[in-house]
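# Observations on the model geometry
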Amino acid sequence: MSKIDSEISKIKFTCKDVRVAYSGKEALHGINMAIDDRGVTAFIGPSGCGKSSFLRVFNRMNDTIAGCTVTGEVYMDGQDIYAPSLDPVLLRARVGMVFQKPNPFPKSIYDNVAYGPRIHGLASNKAELDHIVEKSLQRAGLWEEVKDRLKDSGTGLSGGQQQRLVIARAIAVSPEVILMDEPASALDPIATARLEELIEELSQKYCIVIVTHSMAQAARISQRTAFFHMGDLVEYGLTTNIFTNPADPRTQDYITGRTG
Amino acid sequence: MPENNSIHASEYALKRLNKRHMRERRFKMAGLGAIFVAVFALIWLMSSILGSGYKAFYTHSMTMDIELTESLLDPQKLREPDKLRKGNFRLIIQNSLYARFPDVTDRKARRELFDIVSSSGAPNLIRQMVYQNPDLVGQTLTIKVPTSDHVDQLLKGNIDRNVKEERRKVSDRQIAWVDELIASGEIKAGFNTCFFFCADSQDAELAGIMGAFIGSLMTLFITALIAIPIGIGAAIWLDEFAPRNKLVDFIEININNLAAVPSIIFGVLGLAIFINFFGMPRSAPIVGGLVLGLRALPTVIIATRATLMAVPQSIRDGALSVGASHIQAVFHHKLPQAGPGILTGSIIAMAQALGETAPLLMVGMVAYLTEIPDGVTDPATVLPVQIFIWAGNAERAWIEKTSAAIILLLLVLFLINGFAIWLRNKLEKRW
């Protein structure tokens, strides 16, 4: 396990020997890792290295994939999130997720954001719900663009706006963690820049874990970077260290563009 | 031409290209030919059905002065409806016809004269009027009675006047009387309301499709009640909640097989289970509806699953990621998305059930019934079975009835399918 300066910030997740297998075929071979409570942790690595599978361990989205099994231990604030007593539905309210392709619901912008608070009963009346929706859209940096058309379809927005809408949807249920699975891969450079700004803002308040293909993006937005290769965590540490002084030759090869 | 060494520039390459284009043209021609044959067959079918069926929508009736002779109907002057009903109304009609043609005295001729009007339809019409209003006895009424189906067929041109008398259903004398009555305006063509509002009858001029239509509605209602909720529920379970194991695989395969099982097998099943085991009434829409419900079930399940599977997984993932439970993700997001498709599939399954004949024969819905059913346990028949019954009748008049019933069945099917398409376009809000 890589060394982490736990003095800088609290630990949010601790993983011990996490293995993910699809129909018996192991995709992640025993990951040990601790993730900081604040700031952005980036997972990088070539396609198929298991970084997305690992991301889905934290909100147990792997449970919804037929044939996928997760073993090992994952603690969130010291609590085992794979304990039988823990309900994944509640876990997912605490650990939000943003997907590779923007997936707003085919409903209005308002309903997209209000859906989470509604099912969890977070607002007791319409005014409270309106407030949550407004606040979430503001945090996601989308409010100014959509405040006059909250009744319009969420899928009618541009790709970048849709991705921010999905972030607002995740924020609306007041999660502690936001997982992002290549959130900028379907966006143009301008929308990507806008999203990166937003991630930086959000990292003040949330624990953000992001999977990215772009090493430049990881370097720009993350404080810590983990490099995965063929189902193993090769190297994990401060982003500045990883990019300027990688310890492992495989990391070196990948970030300099020789492999990947 | 400048020198070009590319393998795509040689003469041989051009030949190959031409060959490919030829193949494309041949395929297009074959497709066009297939469409042409299909359209031609459809036009032939429609024109043959419409050509013989439209005549059933009008009919001939005769306006008569009918004296409701008190001495014949109610000699004791009791005016009791139940006694009056048993009166000899046949004689009343005959008397009024003899009065119209006083010079017809010969017995055989008089019988022929009476055959101009519907021999059971005309007396029964007056019988009903008197039963409902006994005070009519003693009065003389001017009413329209249906002509016999032979006269109707003659006037519609379906019976050839030039055929020798002994080989035609209408005698020379009858033709003469009918011509006279036509000329005087006593026999007139009019809209055939009875065809739409009467139940079946032995007499072609009195037979209508209302009984079968109501029977079809009742049967379809039961079918929808069984097939749609159970079918949609089963599809959701199979698609979202079923564990992946051998048993579920087996069930899935068999649902698909069930959709291809000949429908008469479902009739045998219905006969064995609903009638023989549960003792439900024969010929009743409740049994027919249950049988057709089972028949439609696999169709509904397959259509629902297909639309559910077409909903992108990302929508479900989005719902789960904000902490929706599995069932919430399905009911809040997947089902509304699949809704229009499920609806269309269900309506198409209902349309299929409406056209189903064979399984209903097995549960006795092929009975000859002169009453419009009042409830789902009353004996009833359905439109396609009515067509089947009428098609088996020998007389000329039934041909147009059969065609007209087919027209109506097709019309109902067109309406149902049109409604399904309209509903899908309306609900399918593309976000």
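Here we summarise the structure given alongside this text.

## A look at a nonpolar patch on the surface
Judged by side-chain polarity, Phe36(B), Val37(B), Phe40(B) and Trp44(B) come together as a nonpolar surface patch covering roughly 520 Å² of accessible area. One can find Val37(B) in helix H1 (residues 11–53).

## A short note on the state of the cysteines
A disulfide bridge is the covalent bond that connects two cysteines by way of their sulfur atoms. All names here are of chain A. Counting across every chain of the model gives one disulfide over all chains. Left unpaired, Cys15 is separated from the closest cysteine sulfur, that of Cys207, by 11 Å. Looking at Cys15, the relative accessible area reads 1%, which means it is buried. Of all cysteine sulfurs in the structure, the one in Cys15 sits closest to Cys49, which takes part in no disulfide; the separation is 15 Å.

## Digging into helix H14 (residues 313–321) of chain B
Counting buried positions along H14(B) yields seven of nine residues, so the element is predominantly enclosed. Where H14(B) is concerned, the buried positions are Ile315(B), Arg316(B), Asp317(B), Gly318(B), Ala319(B), Leu320(B) and Ser321(B). Contact partners of the buried residues in H14(B): helix H2 (88–94), strand E6 (95–98), helix H3 (109–120) and helix H6 (159–171) of chain A together with helix H10 (210–241) and helix H15 (326–354) of chain B.

## Notes on the layout of surface pockets
Its boundaries defined by the atoms lining it, the largest pocket holds a volume of some 590 Å³. Lining the largest pocket are 28 residues, and of these Pro146(B), Cys194(B), Cys198(B), Glu205(B) and Leu206(B) sit closest to its centre. Going through the elements one at a time, strand E1 (58–67), helix H6 (121–132), strand E2 (140–146), strand E3 (187–191) and helix H9 (193–197) of chain B are the ones with two or more residues in the lining of the largest pocket. When the residues that make up the lining of the largest pocket are grouped by side-chain class, the tally is eleven nonpolar, twelve polar and five charged. Residue-level mapping places the lining of the largest pocket at the junction of two domains, with at least three residues from each of domain 1 (58–191) and domain 2 (210–427) of chain B. Taken as a whole, the second largest pocket spans an internal volume of roughly 480 Å³. Taken together, 23 residues line the second largest pocket, and the ones lying closest to its centre are Asp63(A), Thr64(A), Glu240(B), Arg316(B) and His326(B). Put simply, the parts of the chain that give the lining of the second largest pocket at least two residues each are H2 of chain A together with H10, helix H13 (285–310), H14 and H15 of chain B.

## What to know about the packing of aromatic side chains
Residues and elements named next belong to chain A. This model, assessed by the stated rule, comprises 18 aromatic pairs over all chains. A ring pair is formed by Phe13 and Phe58, whose centres lie 4.6 Å apart and whose planes are at 55°; its orientation type is tilted. Of the two residues, Phe13 is situated in strand E1 (residues 11–22) and Phe58 in the loop between helix H1 (51–55) and strand E4 (68–76); the sequence distance between them amounts to 45 residues. With respect to burial, Phe13 and Phe58 carry one shared label: buried.

## Let's talk about the interface of chain A and chain B
Of the residues lining the interface, 24 residues belong to chain A; the matching set on chain B comes to 17 residues. Of the roughly 1700 Å² buried at the junction of chain A and chain B (both faces included), carbon and sulfur atoms supply 63%. Run the count over chain A and chain B and you get zero salt bridges. Here chain A is connected to chain B by six residue pairs in polar contact (both at pLDDT 80 or more). Listed by contribution, the elements that provide at least two residues to the side of chain A that touches chain B are H2, E6, H3 and H6 of chain A. Of the residues in the side of chain A that touches chain B, the class split is twelve nonpolar, eight polar and four charged.

## Digging into the sheet that holds strand E3 (residues 39–44) of chain A
All names here are of chain A. Across the sheet, six strands lie side by side as E6-E7-E8-E3-E9-E10; this open sheet has mixed pairing. In this open sheet, the two edge strands, each paired with only one partner strand, are E6 and strand E10 (232–238). For this sheet, the mean inter-axis angle between neighbouring strands, taken without regard to orientation, is 15°. Sheet topology places strand E9 (residues 224–229) next to E10; six bridges connect them, and they run antiparallel. Paired with Ala226 across the strands is Tyr236, a residue of E10. Sheet contacts for helix H7 (residues 189–202): E3, strand E7 (177–181) and strand E8 (207–211); angle to E8, the most-contacted strand, approximately 145°.

## Some details on the pattern of salt bridges
A complete count under the given rule lists 35 salt bridges over all chains for this structure. For Asp130(A), the salt bridge is made with Lys126(A), and the minimal N-O distance between the two is 2.9 Å. Of this pair, Asp130(A) and Lys126(A) are both found in helix H4 (residues 126–139), four residues apart, which corresponds to roughly one turn of the helix. With its nearest N and O atoms 3.2 Å apart, the salt bridge here joins Arg295(B) to Glu356(B).

## What about helix H8 (residues 172–183) of chain B?
All names here are of chain B. With twelve residues, H8 extends 17 Å between its outermost C-alpha atoms, agreeing within 8% with the 16 Å of an ideal straight helix rising 1.5 Å per residue. Turning to H8, its buried residues are Gln174, Ile175, Trp177, Val178 and Leu181. Seen end-on, H8 carries its buried residues on one side only, within an arc spanning 165°. The elements touched by buried residues of H8 are E1, helix H4 (89–100), helix H5 (107–114), helix H7 (149–155) and E3. Of the residues one or two after H8, Gly185 is the one with positive phi, at around 85°.

## Regarding the sheet that holds E3(B)
Residues and elements named next belong to chain B. Strand order across the open sheet formed by three strands is E2-E1-E3, with antiparallel pairing between neighbours. Each edge of the sheet is formed by a strand with only one pairing partner; in this case those strands are E2 and E3. With strand direction ignored, the average angle separating the axes of adjacent strands in the sheet is 35°. Sheet topology note: the E1/E3 ladder contains five bridges and is antiparallel. Within E3, the residue paired with Met62 across the bridge is Ile187. Along the sheet face, H6 touches E1 and E2 and points at about 135° away from the line of E2.

Scoring rules and cut-offs
Residues numbered from 1 in each chain as written. Chains lettered and ligands numbered in written order. Predicted model: local features only at pLDDT ≥ 70, side-chain atom pairs only at ≥ 80, totals over all residues. Heavy atoms only, no water. Patch = residues over 30% accessible without salt bridge, like charges linked within 9 Å, V, L, I, M, F, W, Y side chains within 5 Å. Areas by Shrake-Rupley, 256 points an atom, 1.4 Å probe, with all protein chains shown as cover. Salt bridge = Lys/Arg side-chain N within 4 Å of Asp/Glu carboxyl O. Helix = DSSP H or I, 4+ residues; strand = E, 2+ residues; numbered from the N terminus. Disulfide = S-S within 2.5 Å. Buried < 20%, exposed > 50% of the residue type's maximum accessible area, 1.4 Å probe, protein only. Contact = heavy atoms within 4.5 Å. 1 Å grid on protein atoms, 1.4 Å probe; cavity = no way out; pocket = protein on both sides within 12 Å on 5 of 7 lines; lining within 4 Å. Points joined across faces, edges and corners; volume = space filled by probe spheres on them. Nonpolar A, V, L, I, M, F, W, Y, C, P; charged D, E, K, R; others polar. Domains from an automatic or database assignment. Phe/Tyr/Trp six-rings, centres within 6.5 Å; stacked < 30°, edge-to-face > 60°. Buried area = accessible area lost by both parts, 1.4 Å probe. Polar contact = N/O pair within 3.5 Å; in protein donor to acceptor, adjacent residues only side chain to side chain. Pairing = 2+ DSSP bridges. Axes fitted to C-alpha atoms, helices over the stretch in contact; angles between N-to-C directions. Expected span 1.5 Å × (residues − 1). Arc of directions from axis to C-beta.

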